[in-house]
Amino acid sequence: MKRLLSLLLIYAIAASLAVCGNSTDASQSESQADGSEVQLEESGATVTEGTESEDTQMEETKSVASDGAQMQTDDPSMPTRVLEEGTRINMYFGDTVIPGILNDSTTTQAFIEMLPLTVHVSRYSHDFCGSMDDFLPFDEEDERYGWLNGDIAVGTDVPWFTILFADEDISEQYGNLVNIGVIDCELSVISELSGSYDVLIELAE
């Protein structure tokens, strides 16, 4: 009888220890899981903070179309950018001639060497745009986000040639642009056109 009681007591102690061990393991597992979640949350917070920091840094360092530009805002029917001197060109949209003035940037000098040039362009919501055969060289300080209405620009990621006549106020979401000049007429002369054209670009006489 005593032997039986001893065996029962040993079994009860062993069972008690096993439950405590499982409980401890469960607590440790929960603790480890909680720790992992905390680490993930902290990691996520760090990543988020890093992304915000990178975005802020980009906002602080990116150059936009208005940087360094001489502008007029009194007459919205005319181009915003003002170029008093430069190389004059004519761009032929069928029977419509769009005069322009080019600046003296590295990109513009390379563009002038290509003239006369014909570019196939199509009408979009805020511009006429088409692809040239070759990329043009550019200085990094000339690359911009956005445009001013009336700008003539080229792309640095794709060899676009574009004449932009609207939406300057929302344009800074678009990058990889180098301004090479401005049209020298009312914006409506080009904005009222539609369709696609093989545009001949040549130096004005």
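Scoring rules and cut-offs
- Residues numbered from 1 in each chain as written.
- Predicted model: local features only at pLDDT ≥ 70, side-chain atom pairs only at ≥ 80, totals over all residues.
- Heavy atoms only, no water.
- Buried < 20%, exposed > 50% of the residue type's maximum accessible area, 1.4 Å probe, protein only.
- Helix = DSSP H or I, 4+ residues; strand = E, 2+ residues; numbered from the N terminus.
- Arc of directions from axis to C-beta.
- Core = buried A, V, L, I, M, F, W, Y, C linked by side-chain atoms within 4.5 Å.
- Contact = heavy atoms within 4.5 Å.
- pLDDT = per-residue confidence, 0-100.
- Phe/Tyr/Trp six-rings, centres within 6.5 Å; stacked < 30°, edge-to-face > 60°.
- Lys NZ or Arg CZ within 6 Å of the ring centre and 35° of its normal.
- Pairing = 2+ DSSP bridges.

1. Some points on helix 2 (residues 106-114)
Step number 1: Within helix 2, burial applies to T107, T108, A110 and F111. Mapping the buried residues of helix 2 onto a view down its axis gives an arc of 160°, with all of them on the same face.

2. Brief notes about the nonpolar core
Step number 1: Grouped together as the largest cluster of nonpolar side chains are 30 residues, with contacts concentrated most on M91, F93, F111, F161, I183, I190 and I201.
Step number 2: Elements with a contribution of two residues or more to this core: strand 1 (87-93), strand 2 (96-102), helix 2, strand 3 (117-123), strand 6 (151-155), strand 7 (160-164), strand 8 (177-183) and strand 9 (196-203).
Step number 3: When near neighbours in sequence (up to four residues on either side) are disregarded, F93 contacts I98, V121, F128, I163, I190, L193, Y197 and V199.

3. Structural notes on the confidence of the model for the protein
Step number 1: Taken as a whole, the protein shows an average pLDDT of 81; of its residues, 71% reach a score of 70 or greater.
Step number 2: Predicted confidence is poor over residues 4-50, with pLDDT under 50, and the contacts of this stretch with residues over four places away or in other chains come to zero contacts.
Step number 3: Per-residue pLDDT stays below 50 along residues 54-58; that stretch engages in one contact with residues further than four places along the chain or on separate chains.

4. Concerning the packing of aromatic side chains
Step number 1: Tallying each qualifying case throughout the model produces six aromatic pairs.
Step number 2: Ring geometry for F93 against F128: centres 5.3 Å apart, planes inclined by 70°, an arrangement best described as edge-to-face. Taken together, the positions of F93 in strand 1 and F128 in strand 4 (residues 127-131) put the pair 35 residues apart, joining distant regions of the chain.
Step number 3: The exposure class assigned to F93 is buried, which follows from its relative accessible area of 3%.
Step number 4: Assessed through its relative accessible area of 1%, F128 is described here as buried.
Step number 5: When the ring of F93 is compared with that of Y197, the centres are 5.4 Å apart and the planes differ by 65°; the resulting orientation is edge-to-face. In this pair, F93 is assigned in strand 1 and Y197 in strand 9, connecting sequence segments 104 residues apart.
Step number 6: Taken together, the aromatic side chains of F93, F128, F165 and Y197 make up a single cluster linked through ring pairs.
Step number 7: Over the ring of Y145 we find K62, and its NZ or CZ is 4.6 Å from the ring centre.

5. Thoughts on the pairing of strand 8
Step number 1: Of all seven residues that make up strand 8, seven are buried, and the element is covered over most of its length.
Step number 2: When strand 2 meets strand 8, the two strands line up antiparallel, connected through three bridges. Bridging across to strand 8, G100 finds its partner in I183.
Step number 3: In this sheet, strand 8 lies alongside strand 5 (residues 143-144) in antiparallel orientation, the contact comprising two bridges. Counted as the bridge partner of E143 is V178 from strand 8.
Step number 4: Note: strand 6 against strand 8, five bridges, orientation antiparallel.

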